[in-house]
Structures are given as C-alpha cells and as structure tokens.
Amino acid sequence: MSLSRRQFALSLAATATLPAKLSAQEDDVLNALRSTLFGTPPEFQAGMDFLRARGNPDVVPALLTGLRFTRTRRDEIAWVIEALSGETHGTDWFNWMLWQERNSDLIPHPSLATFKREVFLNLDRDFDLFLRPEYLARDKMKIRLEEITWGGVVKDGIPSLDNPTLIDAKDAAYMKDSDLVFGVTINGDTRAYPLRIMGWHEMFNEVIGGVPVALAYCTLCGSGILFETQVLGRSKPLVFGSSGFLYRSNKLMFDRETHSLWNQYTGKPVVGPLVDSGIELKQRPVVITEWGTWKAAHPDSKILSKDTGFHRNYASGAVYREYFASDDLMFPAQVDQRVHKQKDYVFAIREFGAARAWPLDAFKGRPVINDAIAERPLVLMGNPGERSVRAYERGSHQFTSSKGALIDETGAAWRVSEDALLGPGDQTLPRVAGHISYWFAWDNYVGDVATVYRQ
C-alpha cells in the first residue's frame, strides 16, 4: 500500500502548495504545528522555538506528522521532538512511531485532531468522509488518532472488486498450478480468488451460496479474512472498501453506507458513526492453497477472471514482490520477536470467546495437530508449503494422518470437506473459521488476550 518514491515526492509537493490560513486568534500551539508544513521560514522557526520553550511533549504526536510530510525541515522538527521527549531517534519517523506506540500514556494536545485532519485532507479531500471533527474526539474512537497513518493512496486508491466476473476452473488458462488462491465454499457454491489478483484490490464484496460476504485482504499483514456482511439490525449488507489509512501496519477498511473506519483484523468499527454499535463481523472459513490443489479437489469451482475492469499487472509474483520477500515491515508496528519473527506466518482463530494462533512451521512434518481453544477440542490440518491450514471441531476424537488420509483413534477414515469432517455412521464435525496472518499483526491486535500453540 505504498506509492513509488517519485509519486510520494509529488504528493508531498502538492501538499505544500495548499497552505492553511493561520489566524492570530487561533491556538498558538496549532499555529506552531501548522508552521511545520505550511509556514514561512520565519513562522516555522518561531513555531519550533515556541514549542521547545513550552516544554510539553504532548505536541510530539502532531510533530511526527510534520516530520513525515516535510521535505526540508526534518532536522529542525526532529531536534524539537528529541528535546521534548528525551529520546534520540533523529529524523527516523518509523522508529519515532514505534516509540509513540510504546508510550500510550502520552495524551496528545487537543490540536492534534485539527492539524492531522488538515494534513490528510490536503492529500485527498474525500478523507473528510472518515475524519469529521465529531468522529475524532478521543473518547469517541476505539484506536489512537496519533497512530493512524496514511498508506500512500487516496480513498479507493486500492479499488475493491464488487461482484466481479468469475469463470470456470477449466477456462483459467492464465493460472499456474503453483499460484496461491483464497478458496471459499458456502452452501455448495465453490470459488477461488487468486492472491496475484487480490493483492491489487485487497477487498471483494460478493454473495456466495446466498450469503453476502467480503474478503478483507491486508497485504501488509498477510491476512485475508472472510466476513459475513449482513449484520443484525441493518436492512442491507455492508459493502466495504479501502480507506487509504493504516493502523499499526493494518489496513483500515470502510463501509460505504456510513463511512465508518473498521479494523480489518478484528472486523470491528473503530472510527465514525458505527463505533458504539456493538457490531463485530462474523467470520467464515477461508483457506489459502495452491490452485492446482484446489482445482483437483473442486473441479467445478469458479475462479476470478483476470478481466476485472482495472489495468494492473496480474502476473504471478508481481504484486508486492519486494515486500513479501523481505523480513522488514513497510509501516511501523511494535512486535514481540523473542519467539517468532515479525513476518512468520501463523494460523489464527478467534472463536468460542477466545483467541489462539498456531505457527505455520508447527505443521512441518506433522500435518495433523490435535489441540483446543477455550477447552473446545480442535483438529487442524496444515501444509506449510501451500500456506494452507483448516480447522475443525473434533469432539472426543484423536486424529492422525496416514498416507494422506485422516484417521481417528479407532482406525476409521474421515473425509475432509470444506464445510465439515465426515465420518462413519453419518458423523460430522463442523469447520471452524480461521485465517493466515503474519505474526506481528496477531501480536499487535490480539496478543495480549491470546494464546499461542507451542510444539
């Protein structure tokens, strides 16, 4: 979710040509903050001298916005930030943001909302839909305004696919068997959505098997989560898009009815009219697997057509090639790396009032794991080579794998379907919704209330 260096530089230049009017009657702190991007050199120098002499670190969150978007005043802004915070990160915006995340007890000056809103609206006037002043009061938000960052694109700059064209599996000549897909089956309706296409769109809104759903794919945190979009108390399904904003390197999606911002990872609204609605989107099972594997198991599957109506490079491995190959993050997010590296893959489940993650590496040489979440017994089947994990309830059974078959403690074989495990005597064990994720995203969003499987 980033522009090229040249595009980003041009966007900053455009921002600088739209100065906000400074009024003598306005708050002196806000004037000083505005000077970082919109003031003349004398106004900027006076503003920095004023903030440093004032001596209160409550302006640091706003100064970090100035630090990110200026091209010529970074050294002076960083000098003031260091003087107020007692920390030394120079002009490194990334590390300053990590410092800010660690110091959650620092309450920003009230002018932060006004200043940050002005900066963002200079990038895209449509951001006003998300950043109305009444939405930005600290007690009205579920996330910290100071940690909301711009992802490098405007509203809908990453366009969602709404009821896109699908083709038969046999007609998908553009696909390689090794290409990864999101596989979904609902009420017998089976579909595949290639990651090489979804990486450019990060969202689809569909009706699958009669159920309105949206796949929210955050490329930055490696998670594609399938949500039901018909929620109790609303007459129509919610339809989602990408806002252009991030929170701790996770995309903030938005619904097109109320323009509330939603946390992609939790399926909860965090800014805007729906904040206090109590809505939490229900997850549906989705699996990542290779196209060849999915096609062999589901020859009647439909698959996303490459003719999306948008001009993108949908070639295998083209989208986010460098990011996926790197161990580094593109945007700041704190993470505990004592056990797992920040971009290690985990399989994540949030069900039955609990949250638990299974490292993908745990399935190496061990395709079946018997475990539990919230004392609810589960069996998980994983293939690290395909980034593929499915989870099912297992009741009182203990399962093993033998020559690719799933075997219970009596030696009976069970058939694996996308909906359930099917055993002798018409026994069925339901599937449990989960998704793949980078470790840093799991650790950031549910790490304090979750458990992690240890081998």
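Please read all numbers here as calculations on a predicted model, not as lab measurements. (Residues numbered from 1 in each chain as written. Predicted model: local features only at pLDDT ≥ 70, side-chain atom pairs only at ≥ 80, totals over all residues. Heavy atoms only, no water.)

A few words now on the sheet that holds strand β8 (residues 223–228). As a general point, the strands of a sheet are linked pairwise by backbone hydrogen bonds and lie either parallel or antiparallel. Taken together, the five strands give an open sheet; going across it, the order is β2-β6-β7-β8-β13, and neighbouring strands pair in mixed fashion. Of all strands in the sheet, those with a lone pairing partner are β2 (161–162) and β13 (283–284), marking the two edges. Alignment of strand β7 (residues 211–218) against β8, held across six bridges, turns out to be antiparallel. Following the sheet pairing, Ala214 is matched in β8 by Phe227. (Pairing = 2+ DSSP bridges. Helix = DSSP H or I, 4+ residues; strand = E, 2+ residues; numbered from the N terminus.)

Turning next to unusual backbone geometry. Positive phi values are uncommon outside glycine, yet Asn163 reaches one of about 50°. Here Asn163 is to be found in the loop between β2 and β3 (166–168). Even without a glycine there, the phi angle at Phe352 is positive, about 60°. Structurally, the position occupied by Phe352 is in the loop between β16 (345–351) and β17 (354–359). Here Phe352 falls in the partly exposed class, since its relative accessible area comes to 29%. (Buried < 20%, exposed > 50% of the residue type's maximum accessible area, 1.4 Å probe, protein only.)

The next thing to look at is the sheet that holds strand β10 (residues 250–255). The strand order across the open sheet built from five strands is β1-β9-β10-β11-β12, with neighbouring strands paired in antiparallel fashion. Edge positions in the sheet fall to β1 (148–150) and β12 (268–271), since each has one partner strand and no second. Shown here is a sheet whose adjacent strand axes are inclined to one another by a mean of 50°, direction ignored. Sheet strands touched by helix α7 (residues 111–123): β1 and β9 (240–247). Its angle to β1, the strand with the most contacts, is close to 25°. (Axes fitted to C-alpha atoms, helices over the stretch in contact; angles between N-to-C directions. Contact = heavy atoms within 4.5 Å.)

Right, let's talk about helix α6 (residues 93–102) for a bit. Most of α6 sits inside the fold, with seven of its ten residues counted as buried. Those residues of α6 lying buried are Trp93, Trp96, Met97, Leu98, Trp99, Gln100 and Glu101. Close packing links the buried residues of α6 with α4 (60–69), α5 (74–85), β1 and α11 (439–445). Where α6 begins, the side chain of Asp92 points an oxygen toward the backbone nitrogen of Phe94, at a separation of 3.2 Å. (Polar contact = N/O pair within 3.5 Å; in protein donor to acceptor, adjacent residues only side chain to side chain.)

Turning next to the environment of Arg356. In this fold, Arg356 is placed in strand β17. Using a relative accessible area of 13% as the deciding quantity, one classes Arg356 as buried. With 96 residues separating them in the primary sequence, Arg356 and Val452 have C-alpha atoms 5.5 Å apart. Apart from the residues lying within four places of it in its own chain, the contact partners of Arg356 are Phe347, Ala348, Ile349, Asp371, Ala372, Ile373, Trp442, Thr451, Val452 and Tyr453. Among the polar contacts listed, one links the side chain of Arg356 to the side chain of Thr451, at a separation of 3.0 Å.

A word on the pattern of salt bridges. Under the definition given, this model contains 28 salt bridges. Salt-bridge contacts for Asp128 lead to Arg117; the nearest nitrogen and oxygen are separated by 2.2 Å. You can see Asp128 sitting in the loop between α7 and β1 and its partner Arg117 sitting in helix α7, a full eleven residues away along the chain. With relative accessibility at 22%, the residue Asp128 sits in the partly exposed group. Between Glu393 and Arg376 there is a salt bridge whose closest N-O contact spans 3.3 Å. In this pair, Glu393 sits in strand β20 (residues 388–393) while Arg376 sits in strand β19 (residues 376–383), placing the two residues 17 residues apart along the sequence. (Salt bridge = Lys/Arg side-chain N within 4 Å of Asp/Glu carboxyl O.)

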